[in-house]
Amino acid sequence: MIATRFSLKSERLIFEALNEPAGSGTQATADAYNAYVQFLNIVRNSGGYNKNRITSLEPLNGNSDYGNSWRGHFLLVEIRFHLYSPYDFVWNVWGKALWGTDADKAAIWQEISNVAGNFTGIPTSIGEFGLADSGKTNESASVWLWFDYVIRTARHFGFVTFMWDTGAFVNRATGTWVDPTLGQVIKFSGNALAGVYNGAGPALTSGTQYTASSTGLTLKASYLSNLLSGKPLGSVGTIVIKSNRGADLKIEIRYYKTPTVTTSSYTSPSTSSALSIPVTLNGAKLATAKAIKADDSLLKDDWIIWLGDLQAGRLAWGDFDYNESNTLMLSSSLLGLIQSAEQAVTVTFEFWPRYDPLNTVPITISYV
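Definitions and cut-offs
Residues numbered from 1 in each chain as written. Predicted model: local features only at pLDDT ≥ 70, side-chain atom pairs only at ≥ 80, totals over all residues. Heavy atoms only, no water. Pairing = 2+ DSSP bridges. Helix = DSSP H or I, 4+ residues; strand = E, 2+ residues; numbered from the N terminus. Axes fitted to C-alpha atoms, helices over the stretch in contact; angles between N-to-C directions. Parallel < 35°, antiparallel > 145°, perpendicular 65-115°, else oblique. Left-handed = near helix turned anticlockwise from the far one by under 90°. Contact = heavy atoms within 4.5 Å. Patch = residues over 30% accessible without salt bridge, like charges linked within 9 Å, V, L, I, M, F, W, Y side chains within 5 Å. Areas by Shrake-Rupley, 256 points an atom, 1.4 Å probe, with all protein chains shown as cover. Salt bridge = Lys/Arg side-chain N within 4 Å of Asp/Glu carboxyl O. Buried < 20%, exposed > 50% of the residue type's maximum accessible area, 1.4 Å probe, protein only.

**Notes on the sheet that holds strand S11 (residues 234-243)**
Point 1. Strand order in the open sheet formed by three strands is S8-S11-S12, and the pairing between neighbours is antiparallel. With partners counted over all chains shown, the strands left at the sheet margins are strand S8 (193-198) and strand S12 (249-255), one partner each. On average, each strand axis in the sheet is tilted by 20° relative to the strand beside it, whichever way the strands run.
Point 2. Bridge count for S11 against S12 is seven bridges, and the pairing is antiparallel. If you follow Ile239 over to S12, its bridge partner there is Ile251.

Shown next, in the form of structure tokens:
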């Protein structure tokens, strides 16, 4: 038996009964509770140090809300839950590529503080948290801020955090961070500004080339004008914000014009193949895409019309993609939805910065 085999291991070993037990509702919660009672009886009676070993119990689906009725029922346990909120930002869907408003932060704070209130005095950890992407589809600064805020909030309530990663953030072969800045953000917090630099060049002059305050940093228009002068379209440099310790924050400066296509109208293919669309990107970087039918309704996930102007009608990465040389792409499954709609659909590719309404490429897919 597993518990017996490891019964003489030190207190550094924690047994976890189940990972994200499936189910919902009162009966499923009761079933999980009963399973945990049996699990604890087995562990506690397996000899060695297991009588006093900390064990980890996880609510249904890793969702902390399902564990609220357990408090006070178990001894020598750790409550572990998972945090993947908000769903649309974590999983890169519906155009939620930015995170960090007061409302965004309040939602994370509420989710974590609810657990702290329900399990006061009980060891608690966030057994999994993370994002599906390291900054390709979500804005990098939003990724850094999300990780920083989750970790800071968890520490405030005394929770341990375990980051979940399948290779998007840490290169398993080399043991290095895909985004070194994120690695430093996770390690440090509470820094003070030490200087602003253009790459490895000399420090920028405060007041002349930039201004800084407790709420942000602003690059002067005159500095940006000189920086872009004579440069080709695309990435023209990286502004590095150095702090007294930890992460150097890197801001890519991109010189762009609205992307162009030679053909903006296509007929939905009857085959299952994807659609590749030649494009001249003109230095722009793709942010998201939305799909609207000829009758002005959304092509898919019609309920997201209530998510606001920056998310309504947006697709998930995978429905669309691009390479940074010359091609926009629509998946075969999305083209299947267009065929099923039995009307023309306009897919609008939206590029950074998203506050520029002209920085888009609309493509009309006709139904035959």
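**Comments concerning the sheet that holds strand S15 (residues 286-293)**
Point 1. Ordered by their spatial adjacency, four strands build an open sheet running S13-S19-S18-S15, and the pairing between neighbours is mixed. The sheet terminates laterally at strand S13 (265-267) and S15, the two strands that pair on one side only. Each neighbouring strand pair of the sheet contributes to a mean axis angle of 20°, computed without reference to strand direction.

**Notes on the packing of helix H5 (residues 140-156) against helix H6 (residues 180-187)**
Point 1. The geometry of H5 relative to H6 is characterised by a closest axis approach of 9 Å and an angle of 20° between their N-to-C directions. Between H5 and H6, the angle is such that the two are roughly parallel. Helix-helix and strand crossings are classified by hand; for H5 and H6 the assignment is right-handed. Between H5, through Val143, Trp144, Phe147, Asp148, Ile151 and Arg155, and H6, the contact on the second element is made entirely by Thr181, Leu182, Val185 and Ile186.

**Describing a nonpolar patch on the surface**
Point 1. Judged by side-chain polarity, Trp303, Ile305, Trp306 and Leu307 come together as a nonpolar surface patch covering roughly 500 Å² of accessible area.
Point 2. Structurally, Leu307 can be placed in the loop between S15 and strand S16 (320-323).
Point 3. Classification of Leu307 by relative accessible area gives partly exposed; the value is 32%.

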